[in-house]
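In case you want the letters, here they are:
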Amino acid sequence: MKKQNIFTKLVLLFTVMPLVELYVLIEIASKTSWGYTILLVITTGIIGAYMAKSEGKQIISRIQNELSTGHLPGEELINGLCVLIGGALLLTPGILTDIIGFTLIIPVTRIIYKRWIREKFSNKIQRDTFIYEHKDF
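So, a few notes on the structure that sits alongside this text. Predicted model only: the values in this text are computed from it and were never measured. (Residues numbered from 1 in each chain as written. Predicted model: local features only at pLDDT ≥ 70, side-chain atom pairs only at ≥ 80, totals over all residues. Heavy atoms only, no water.)

What to know about the side chain of Glu-21
Tracing the sequence through the fold places Glu-21 in helix H1 (residues 2-31). The side chain of Glu-21 sits in the buried core without any salt bridge; Lys-31 is the nearest counter-charge, 16 Å away. When neighbours within four sequence positions are excluded, Glu-21 is seen to be in contact with Gly-94, Ile-95, Leu-96 and Thr-97. (Helix = DSSP H or I, 4+ residues; strand = E, 2+ residues; numbered from the N terminus. Buried < 20%, exposed > 50% of the residue type's maximum accessible area, 1.4 Å probe, protein only. Lys, Arg positive; Asp, Glu negative; His and termini not counted. Salt bridge = Lys/Arg side-chain N within 4 Å of Asp/Glu carboxyl O. Contact = heavy atoms within 4.5 Å.)

Structure follows, in structure tokens:
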């Protein structure tokens, strides 16, 4: 049952989201122009890639600092996950994915996602549904 739920969510994500993005882009183009719309998508992609790279470097530095002092970098790993997903969304053409991507990269708005991720992991650990697999090669 659980695998079917994940599959349904993925199908919705990869079919409905692009259609919504296309609709938004067409609406923007109809209100402005196609040139402006394409420029907007390219500009947000470039700015987003720069921001993701910059934030990513800072996070890697903080992870290295925490590891060098013997601390587990749990919080920074969550930051890294958010920035990675945000960067991928910013490289995906579309306005809604850009908005979500920017909110994942900007530290002030990233807090919302981090709280949600912590709650998800905490719930899975408390229910013993968090599975860790280690395979030796």
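What about the side chain of Lys-114?
Tracing the backbone through its elements, the reader meets Lys-114 in helix H5 (residues 107-126). On the accessibility criterion, Lys-114 (12% relative accessible area) is buried. Not counting residues up to four positions away in its chain, the partners in contact with Lys-114 are Glu-75, Ile-78, Asn-79 and Cys-82.

Describing the packing of helix H2 (residues 34-68) against helix H3 (residues 74-91)
Close contact between H2 and H3 brings their axes to 9 Å; oriented N to C, the two are set at 165°. One finds that H2 runs roughly antiparallel with respect to H3. At the point where H2 passes H3, the crossing takes the left-handed sense. Contact residues: Thr-44, Gly-45, Gly-48, Ala-49, Ala-52, Glu-55, Gly-56, Ile-59, Arg-62, Ile-63 and Glu-66 in H2; Glu-76, Leu-77, Asn-79, Gly-80, Val-83, Gly-87, Leu-90 and Leu-91 in H3. Class assignment of the residues belonging to the contact of H2 with H3 gives a composition of 8 nonpolar, 7 polar and 4 charged. (Axes fitted to C-alpha atoms, helices over the stretch in contact; angles between N-to-C directions. Parallel < 35°, antiparallel > 145°, perpendicular 65-115°, else oblique. Left-handed = near helix turned anticlockwise from the far one by under 90°. Nonpolar A, V, L, I, M, F, W, Y, C, P; charged D, E, K, R; others polar.)

Focus on the environment of Glu-75
In this structure, Glu-75 sits in helix H3. Considering only alpha carbons, one finds Glu-75 and Arg-118, 43 residues apart in sequence, at a separation of 9.2 Å. Those residues in contact with Glu-75 that lie beyond four places of it in its chain are Lys-114 and Arg-118. One polar contact links Glu-75 to Lys-114, side chain to side chain, over a distance of 2.9 Å. (Polar contact = N/O pair within 3.5 Å; in protein donor to acceptor, adjacent residues only side chain to side chain.)

Here we look at a nonpolar patch on the surface
A grouping of Leu-22, Ile-26, Trp-34, Ile-38, Ile-42 and Ile-46 is seen on the molecular surface, where their side chains present a nonpolar patch of about 610 Å² in accessible area. Looking at the nonpolar patch, the elements that each hand over two or more residues are H1 and H2. When residues in the nonpolar patch are grouped by element, the largest group, 4 residues, is from H2. Positionally, Trp-34 belongs in helix H2. (Patch = residues over 30% accessible without salt bridge, like charges linked within 9 Å, V, L, I, M, F, W, Y side chains within 5 Å. Areas by Shrake-Rupley, 256 points an atom, 1.4 Å probe, with all protein chains shown as cover.)

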